[in-house]
Amino acid sequence: MRGAVIHAPGDVRFETLDDPGILHPTDAVIRTAVTCVCGSDLWPYRGAEPIGDPHPMGHEYVGFVEEVGSAVTSVKPGQFVVGSFATSDNTCANCLNGFPSNCLHREFMSTCQAEYVRIPNAQGTLVATGEVPDESLWPGLLAVSDVMGTGWWAADAAEVTPGSTAVVVGDGAVGLCAVIAAKELGAGRIIAMSRHESRQKLAVEFGATDIVAERGEEGVERIRELTGGIGADSVLECVGTAESMSQALHSARPGGNVGFVGVPHGVAVDGQELFFSHVGLRGGPAPVRRYLPDLIDRVLDRRIDPGKVFDLTLPLEQVAEGYRAMDERRAVKTLLTP
């Protein structure tokens, strides 16, 4: 088969790889329907994370089951399935407590920008749709496997409630999906922090009621102006930098909550400052599997359309251009078609 391999910062190639097979009874192999480039893939692409030896890339996927191991009974060949970027058995204590992304047998997906993918822990990870969805729904279902599920986790962790005020820090795919999540959870006011006109428009389409273009201290001051000098009930941090975390923490009111889902890079939280702020802080890898059945239904019912975050579609063989476009901010998120 063919798939993406990263060799060095800025160097992603489309290469011939070994076909995946069943290695364990709990595995499945799927044929990719669509896949994509994630904003978190840009960390190694930009040299902010070590790459080591050349290796495959990609952790978002939907597709058709080709083969299953002997222990897999929840899905069968031919079915269309959606999974999570973090695999889980869905039976261990952490899974049962609602955190399948911290499953005791967790494996992070890392080979999904390819024509075929082996899925570990397939029994607990994959969710089949009742029938093969219309192709127009595939981008939305693909978003559910990570960015929509992660945006939902940001809203859940920040405890968005009906009528509350939510601030979304970050206008990438996760941040835009977090706007969807905040609206679906009933937020009465959703303030999206964005400096890019096309992303501002999409945020408004998804449910944002206000746009704040300022960043840093100016951005925090603007949030306070919009919230009577107090701050927001819920802040959804969807970037992962020191600046975005500081902005999020200072934008929350005393007693408010911050849900942080951007993979942290260079982030350090001052414990004493957090202590006296009375702000709650929760985050981590999104427990996407917990949300999959509900989010899949919302997409299939066309209640939400997170697939709109894909503003560039390329054949999989042009994956390198997909990375470049996102790195250069010519695209929010690249959809790849095998």
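Values in this document were obtained by computation on a predicted structure and should not be read as measured data.

### Here's the deal with the sheet that holds strand E2 (residues 11-16)
For step 1, the next point in the chain: Strand order in this open sheet of three strands is E2-E1-E4, and the pairing throughout is antiparallel. Edge strands, defined here as strands with exactly one partner in the open sheet, are E2 and strand E4 (55-56).
For step 2, the next point in the chain: Relative to E4, strand E1 (residues 2-8) is paired through two bridges, and the arrangement is antiparallel. Counterpart to Val5 in the pairing with E4 is Pro56.

### With respect to empty space enclosed by the protein
For step 1, the next point in the chain: One pass over the structure, following the stated rule, counts one cavity of 30 Å³ or more.
For step 2, the next point in the chain: The volume enclosed by the largest cavity comes to roughly 40 Å³.
For step 3, the next point in the chain: What lines the largest cavity is Val168, Gly170, Asp171, Gly175, Leu176, Val179, Ala192, Met193, Ser194 and Ala203.
For step 4, the next point in the chain: Going through the elements one at a time, helix H6 (173-184) and strand E12 (189-193) are the ones with two or more residues in the lining of the largest cavity.
For step 5, the next point in the chain: Among the residues forming the lining of the largest cavity, the class breakdown is six nonpolar, three polar and one charged.

### Concerning the pattern of salt bridges
For step 1, the next point in the chain: One pass over the full model with this rule turns up 18 salt bridges.
For step 2, the next point in the chain: A salt bridge links Arg298 to Glu184; the nearest nitrogen and oxygen atoms lie 2.5 Å apart. With Arg298 in helix H11 (residues 288-300) and Glu184 in helix H6, the pair connects residues that are 114 residues apart, well separated along the chain.
For step 3, the next point in the chain: Glu184 sits in the partly exposed class, given a relative accessible area of 25%.
For step 4, the next point in the chain: Among the salt bridges present, the one from Lys201 reaches Glu197, with a minimum N-O distance of 3.6 Å. You can see Lys201 and its partner Glu197 sitting in helix H7 (residues 197-206), four residues apart, about one turn around the helix. The residues Lys201 and Glu197 share a single accessibility class, namely exposed.
For step 5, the next point in the chain: Through salt bridges with shared partners, a single ionic network connects Glu184, Asp294, Arg298 and Arg303.

### Quick word on the packing of aromatic side chains
The geometry of two aromatic rings is summed up by the distance between their centres and the angle between their planes.
For step 1, the next point in the chain: The tally for this structure, following the rule as stated, stands at seven aromatic pairs.
For step 2, the next point in the chain: A centroid spacing of 5.2 Å and a plane angle of 35 degrees characterise the contact between Tyr45 and Tyr323, whose relative ring orientation is tilted. On the criterion of sequence distance, the pair formed by Tyr45 in helix H1 (residues 42-45) and Tyr323 in helix H12 (residues 319-327) is long-range, its members being 278 residues apart. Each member of the pair Tyr45 and Tyr323 is classed as buried.
For step 3, the next point in the chain: Measuring from centroid to centroid gives 5.9 Å for Phe64 and Trp138, while their planes differ by 75 degrees, and the two rings are edge-to-face. Pair noted here: Phe64 is in strand E5 (residues 62-68) and Trp138 is in helix H4 (residues 138-144), with a separation of 74 residues, a long-range link.
For step 4, the next point in the chain: What makes Trp138 buried here is its relative accessible area of 11%.
For step 5, the next point in the chain: Among the aromatic residues, those joined into a ring-pair cluster are Phe64, Phe80 and Trp138.
For step 6, the next point in the chain: The aromatic ring of Phe99 is capped on one face by Arg290, whose charged end is 5.2 Å from the ring centroid.

### Digging into the side chain of Gln247
For step 1, the next point in the chain: On the secondary structure map, Gln247 appears in helix H9 (residues 242-251).
For step 2, the next point in the chain: Contact partners of Gln247, with chain neighbours within four places excluded, come to Val169, Met193, Arg215, Gly216 and Val220.

Basis of the calculations
- Residues numbered from 1 in each chain as written.
- Predicted model: local features only at pLDDT ≥ 70, side-chain atom pairs only at ≥ 80, totals over all residues.
- Heavy atoms only, no water.
- Pairing = 2+ DSSP bridges.
- Helix = DSSP H or I, 4+ residues; strand = E, 2+ residues; numbered from the N terminus.
- 1 Å grid on protein atoms, 1.4 Å probe; cavity = no way out; pocket = protein on both sides within 12 Å on 5 of 7 lines; lining within 4 Å.
- Points joined across faces, edges and corners; volume = space filled by probe spheres on them.
- Nonpolar A, V, L, I, M, F, W, Y, C, P; charged D, E, K, R; others polar.
- Salt bridge = Lys/Arg side-chain N within 4 Å of Asp/Glu carboxyl O.
- Buried < 20%, exposed > 50% of the residue type's maximum accessible area, 1.4 Å probe, protein only.
- Phe/Tyr/Trp six-rings, centres within 6.5 Å; stacked < 30°, edge-to-face > 60°.
- Lys NZ or Arg CZ within 6 Å of the ring centre and 35° of its normal.
- Contact = heavy atoms within 4.5 Å.

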